[in-house]
Amino acid sequence: MRRPPRDSQESFRTISRRGLMLASLQAVFIGTLAYRMRYLQVDQADEFRLLAEENSIKVRLLPPARGLIVDRNGAVVASNEQNYRITIIKEDADDTEAVLDRLARLIPLSDDDRERTLKEAGRTPTLPITVADRLSWEEFSRIAVNAPALPGVTTEVGLSRHYPLGPDLAHVLGYVGPVSDYDLSKIEDPDPLLKIPRFQIGKIGLEAKLEADLRGKAGSRRIEVNSTGRVMREIDRKKGDPGASIQITIDRRLQNYVQARLGSESAAAVVIDVRTGDILAINSAPSFDPNMFVRGISGPEYRTLTENDHRPLADKSVQGAYPPGSTFKMVVALAALEAGVIGTGDTVWCPGYTKLGNRRFHCWKRGGHGHVALTESLQKSCDVFYYEAAQRVGIDAVAAMARRLGIGVRFDLPMSAISEGLAPDKQWKQEKYGQGWMMGDTLNSGIGQGYVLASPLQLAVMSARIATGREVMPRLVRSLNGVEVPLAEPPSLGLNENALRAVRKGMFDVSNSQRGTAYRSRIVDETMWMAGKTGTSQVRNITAAERARGVTKNEDLPWERRDHALFVAFAPYDAPRIAVSVVVEHGGGGSLAAAPIARDIVLQALNEGFPPLTAYPADQREGIEAAREELQLMEPEGPSGGRSRA
Amino acid sequence: MSYLEYNVKTVPTGLRKVLHVNWPLVLLLTAVASVGFLMLYSVAGGRIEVWAEPQMERFAVGIVAMLAIGFVPIWFWRNLSAVAYLVSLLLLVAVEIVGTIGMGAQRWIELGPLRLQPSELMKIALVMLLAAYYDWLDVKKVSHPLWVIIPVVIVLVPTFLVLKQPDLGTAILLLAGGGIVMFVAGVSLWYFAAVIALAVGLVFTVFESRGTEWQLIKDYQFRRIDTFLDPSTDPLGAGYNITQAQIALGSGGWAGKGYMQGTQSRLNFLPEKHTDFIFTTLAEEFGFIGAVSLLTLYVLILVFCIQSALSNRDRFSALLTFGVGGTFFLFFMVNMSMVTGLMPVVGVPLPLVSYGGTAMIILLGAFGLVQSAHIHRPR
């Protein structure tokens, strides 16, 4: 078909015009595209480069090895064990549930573990979650062989805390456990390490208190991964710093002995080196196995611990605060002697009670002790003497002396929930109860009852200070990462030497004079002579009616209403090296329940092992020997330490 | 002017046609294809036999096909337009039937060693038919409603067939390709304005309907739109491709990470790294400079097409050249917009660079038509 030329001309012009319009439109699009490229590749390049790094190069933290804890002789008391475990990264697993199903066919996998894994993985899909821990080598290799069928699953050899002494040091060391949300919430700027699921940190005790030293610094491993999470190669590896090793002042063998000696009693004992303040042993019985907590304690196991009326989880040695009973009499004696209200030779008449208004305060001996002087008052533990002494010197002076000797003072040891005890005075009562101090309170305090409270640690410190006359400070850490904690000779308490000597003599007589309250628990070897003081603290009120009927004997009471038995001691008498305190909850009398234990501990500590039987009175040696046989001690071994236990 | 009106004798014949081939265009196409070979070698991790070599073979076939088509007089192709369109349409229907009977969505037909995608063929056939239609149509009638309806039907029939496959990318290309030819042919701008207004209104209504009782599209479709608008809302799902593509692109920076040094594509972060998303690898390894260079090559191809079309006084030739150039523009524009996050991911390959079976040969064949128009233009 032919068109008139004019038409053709017009058509050509139309096409040209529209063509150019189209070209301009295209230019606009192309310009936009170029601008977009500039935006992505020039303006935003840095941000995307960072994202790309994150994408392909992942940084995996290498948890540092936790610092070891060794005892004063270098034996390991908290070690790191190899632990085969498997982890899963949700992001890489695709279908986590299916992978877990497959896993369950290879290794035993509890529903609990499964649920926990799914929960944790849901929270942090990009981080490895521990699925199973403490696998056997067979299980571990079974997983490793089947790795291709288990996307996202990684086998790891990690380190896990182990406490070779088990229950012996449970209360001192505490234990580690996985970081909880609660832990994280307490920390302002948490170490990224803590965000590794199931990373273990100190939960309680020394492990918690010295967490910062023990943890160490994380290393890191930069790896290149593809989008399925498969590790293509390791780019580099930065070694972290292992945690600082800590040497504690505890003697592992003594600690073990004391724990065994306390046995199934609900008791606590503390042994202090009076020259340095080093805590050689600090026990609370019954105890628990901290390894159980590291593994993850089961509900029933935990209930057994919490429902036990002997409270194995509580650290009675520092957390327990007991009325010190007669062990407080040295404090009152020293306060009175220092103030000069009683001389070392002055006597007090004990008729068996003291009258205050129309109230009678009884001596433990109903018939009374007759005339007693200071030394004798300690030896026989005459209450009336101390009612009198406390009245004369006044409660504020008693409280001040108590604090000088360590009662009512919180010692800063790396242990959990350390009790401050209580040395009550007028101001305290006014603040606490809004009541004035009564003379009756003074009398009660004079024999270590009423408001007075002391922890076994404080009692041991008190004995150490009486033994040396110096302000002995207890300490638990001997060296940190090989650097010794500096030690200076403790300053003098500035007490009258004569007064101290009289008190020490009284304590000596307690266990070495025929009429002393702990004569049966004497040490006959004069190089190890022990000076001590019994204490019995009531946990119930004795009513006038009961007193009239005759006080019910401890043995006839239910266990939880019996008196606490206490004993404090130092030895050797001439040149003191150690101070000991023993508290047996509801043990009955101090002389019967606590003193024999204290003597055994003293001898063990002085001899760094079993003492010769000749240290014991001849008539007791047979019984002592038999009792030794029954003790369950750990096998003696070299200072390198191991984990076998008898 | 139509080819019947000028002196056919002035058109070069025989081997002299070789001298009149639009050689700069051939050179540019080869350059772009070479970029493709390089990138395919790179994404294959330095192995040539995986994608680069088959691609080179196809390119060789395509170039030969282009020249062969180019040497055939343009009026021959004009007369073939309607046939090409009908054959393509039949094949589309055939694929539809085979796809329904067979398994899932099959978009291709096996032709010996070649997999022919009728929708690819249709893109060119549609442009040809529309160019021929407007060549035939009286210029005065171009904007007459009746004569507008006919090309609209010509465009919509294959569009719907392709949309049913479903292949949104190709449907968009068909629609836009047809639109370009109609636009250049001089259809009144009011029609385009009306269509655009209608589309905007429709989109607006769809969004307004969200959450109401008369919601027009399904919830999951809304979510897909959300993902496009903000890929970070679904970084591991549908937004993954977009996010990863942008990371790869952006991390390339100004000068790129270096050839074969791209981490994102190499580590399988990128989906379809050798096909639709190959541009991200290029942008990652050669940076902004590389990306803009490739864009420049594409623009130059487009410019040569436009220049050739503007200098061609034959109506069919001009419209065809604009149509092919426009389709080519749509290809790279949609692909690049898609990977840079300007457009939703619709599955359009990067022309001449993406590894693709028959797409490259058909595209080069289309450029053969452009060459034919160029060689046989009225003197």
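Residues numbered from 1 in each chain as written. Chains lettered and ligands numbered in written order. Predicted model: local features only at pLDDT ≥ 70, side-chain atom pairs only at ≥ 80, totals over all residues.

Focus: the UniProt feature "transmembrane region" (unreviewed entry) in chain B
Link 1 in the chain: In the numbering used here, UniProt assigns the "transmembrane region" (unreviewed entry) feature to residues 20-44, 56-76, 82-104, 146-163, 172-204, 286-306, 318-340 and 352-370 of chain B.
Link 2 in the chain: Secondary structure content for residues 318-340 of chain B is 96% helix and 0% strand, while the C-alpha to C-alpha distance between its ends is 32 Å. (UniProt positions renumbered as here; feature names shortened; annotations may be inferred. Helix = DSSP H or I, 4+ residues; strand = E, 2+ residues; numbered from the N terminus.)

Some thoughts on the sheet that holds strand β12 (residues 279-285) of chain A
All names here are of chain A.
Link 1 in the chain: One open sheet accounts for 5 strands, arranged β12-β11-β21-β20-β19; its pairing is antiparallel. Looking at which strands have only one partner, the edges of the open sheet turn out to be β12 and β19 (531-537). The mean angle between the axes of side-by-side strands here comes to 5 degrees, regardless of whether they run parallel or antiparallel.
Link 2 in the chain: Each of β11 (267-273) and β12 is contacted by helix α11 (residues 252-262), which is oriented at about 30 degrees to β12, the strand it contacts most. (Pairing = 2+ DSSP bridges. Axes fitted to C-alpha atoms, helices over the stretch in contact; angles between N-to-C directions. Contact = placed C-beta atoms within 7 Å.)

Some details on the environment of Leu61 of chain A
Residues and elements named next belong to chain A.
Link 1 in the chain: Along the chain, Leu61 turns up in strand β1 (residues 57-62).
Link 2 in the chain: Taking C-alpha positions, Leu61 is 8.3 Å from Pro192, a pair spaced 131 residues apart along the chain.
Link 3 in the chain: Each residue touching Leu61, except ones within four places of it in the same chain, is listed here: Pro192, Leu193, Ile196, Ala218 and Ser220.

A closer look at the packing of helix α5 (residues 118-136) of chain B against helix α13 (residues 315-339) of chain B
Residues and elements named next belong to chain B.
Link 1 in the chain: Remark: α5 packs on α13, axes separated minimally by 8 Å, with the N-to-C direction vectors making an angle of 150 degrees. Taken together, α5 and α13 sit at an angle that is classed as roughly antiparallel. In this structure, α5 meets α13 at a crossing whose hand is right-handed. Here Lys123, Val127, Met128, Leu130, Ala131, Ala132, Tyr134 and Asp135 of α5 come into contact with α13, specifically with Arg315, Phe316, Leu319, Leu320, Gly323, Val324 and Thr327.
Link 2 in the chain: By residue class, the composition of the contact of α5 with α13 is 10 nonpolar, 2 polar and 3 charged. (Parallel < 35°, antiparallel > 145°, perpendicular 65-115°, else oblique. Left-handed = near helix turned anticlockwise from the far one by under 90°. Nonpolar A, V, L, I, M, F, W, Y, C, P; charged D, E, K, R; others polar.)

Brief notes about the nonpolar core
Link 1 in the chain: Residues Ala269, Val271, Ile272, Val580 and Val582 of chain A are the most contacted members of the largest nonpolar core, which totals 128 residues.
Link 2 in the chain: At 9 residues, helix α23 (residues 590-607) of chain A tops the list of elements feeding residues into this core.
Link 3 in the chain: Of the residues that make up this core, three or more belong to each of domain 1 (58-248) and domain 2 (252-295 + 314-630) of chain A.
Link 4 in the chain: Not counting residues up to four positions away in its chain, the partners in contact with Val582 of chain A are Ala267, Ala269, Leu566, Phe567, Ala594, Ile597, Ala598 and Ile601 of chain A.
Link 5 in the chain: Counting 110 residues, the second largest nonpolar core, distinct from the first, contains Ile15 of chain A together with Leu29, Val95 and Ala318 of chain B. (Core = buried A, V, L, I, M, F, W, Y, C linked by C-beta atoms within 7 Å. Buried ≥ 20, exposed ≤ 12 C-beta atoms within 10 Å, placed from the backbone. Domains from an automatic or database assignment.)

A look at the pairing of strand β20 (residues 564-571) of chain A
Regular strands show a simple pattern: their side chains alternate between the two faces of the sheet.
Residue and element names in this part refer to chain A.
Link 1 in the chain: Here β20 lies mainly inside the structure; 8 of its 8 residues are buried.
Link 2 in the chain: Across the two faces of β20 the burial is the same, with His564, Leu566, Val568 and Phe570 and Ala565, Phe567, Ala569 and Ala571 all buried.
Link 3 in the chain: Looking at chain direction, β19 and β20 are connected through 7 bridges and run antiparallel. Within β20, the residue paired with Thr536 across the bridge is Ala565.
Link 4 in the chain: Of the pairings in the sheet, the one linking β20 to strand β21 (residues 578-584) comprises 7 bridges and is antiparallel in character. Bridging from a neighbouring strand, Ala565 pairs with Val584 of β21.
Link 5 in the chain: As consecutive antiparallel partners, β20 and β21 are separated by 6 residues.

Looking at helix α19 (residues 439-446) of chain A
All names here are of chain A.
Link 1 in the chain: α19 sits mainly inside the fold: 6 of its 8 residues count as buried.
Link 2 in the chain: Regarding α19, the residues found buried are Asp441, Thr442, Leu443, Asn444, Ser445 and Gly446.
Link 3 in the chain: Where α19 is buried, its residues meet α14 (329-339), β14 (353-356), β15 (359-362), α16 (383-393) and α17 (395-404).

As for unusual backbone geometry
Link 1 in the chain: A cis amide bond links Ala285 of chain A with the next residue in sequence, Pro286 of chain A, at an omega value of -10 degrees.
Link 2 in the chain: Structurally, Pro286 of chain A is set in the loop between β12 and α12 (290-295).
Link 3 in the chain: In the segment running from Ala571 of chain A into Pro572 of chain A, the intervening peptide bond is cis, with an omega of -10 degrees.
Link 4 in the chain: Position of Pro572 of chain A relative to the elements: it lies in the loop between β20 and β21.
Link 5 in the chain: If you check the backbone angles, Asn481 of chain A has positive phi at about 55 degrees while not being a glycine.
Link 6 in the chain: Structurally, the position occupied by Asn481 of chain A is in the loop between β17 (477-480) and β18 (483-484).
Link 7 in the chain: Residue Asn481 of chain A is classed as exposed on the basis of its C-beta count, with 12 C-beta atoms lying within 10 Å.
Link 8 in the chain: The backbone phi angle of Leu352 of chain B is positive, close to 70 degrees, even though this residue is not glycine.

A short note on the environment of Leu352 of chain B
All names here are of chain B.
Link 1 in the chain: Mapped onto the fold, Leu352 is located in the loop between α13 and α14 (357-375).
Link 2 in the chain: You can call Leu352 buried: it has 29 C-beta atoms within 10 Å.
Link 3 in the chain: Residues Leu352 and Leu363 lie 11 residues apart in sequence; the distance between their C-alpha atoms is 7.9 Å.

Examining the confidence of the model for chain B
Residues and elements named next belong to chain B.
Link 1 in the chain: Of all residues in chain B, 85% have pLDDT values of 70 or greater, and the mean over the chain is 84.
Link 2 in the chain: Taken element by element, the predicted model of chain B shows its lowest mean pLDDT in helix α11 (residues 263-266) (65) and its highest in helix α2 (residues 23-43) (94).
Link 3 in the chain: Both confidence scores are given for the complex: pTM 0.61, ipTM 0.90. (pLDDT = per-residue confidence, 0-100.)

A look at the environment of Ile289 of chain B
Residues and elements named next belong to chain B.
Link 1 in the chain: Looking at the secondary structure, you find Ile289 in helix α12 (residues 278-310).
Link 2 in the chain: Overall, the presence of 15 C-beta atoms within 10 Å leaves Ile289 in the partly exposed class.
Link 3 in the chain: Here the alpha-carbon distance between Ile289 and Ala255, two residues 34 residues apart in the chain, equals 5.9 Å.
Link 4 in the chain: The contact partners of Ile289, leaving out residues within four places of it in the chain, are Trp254 and Ala255.

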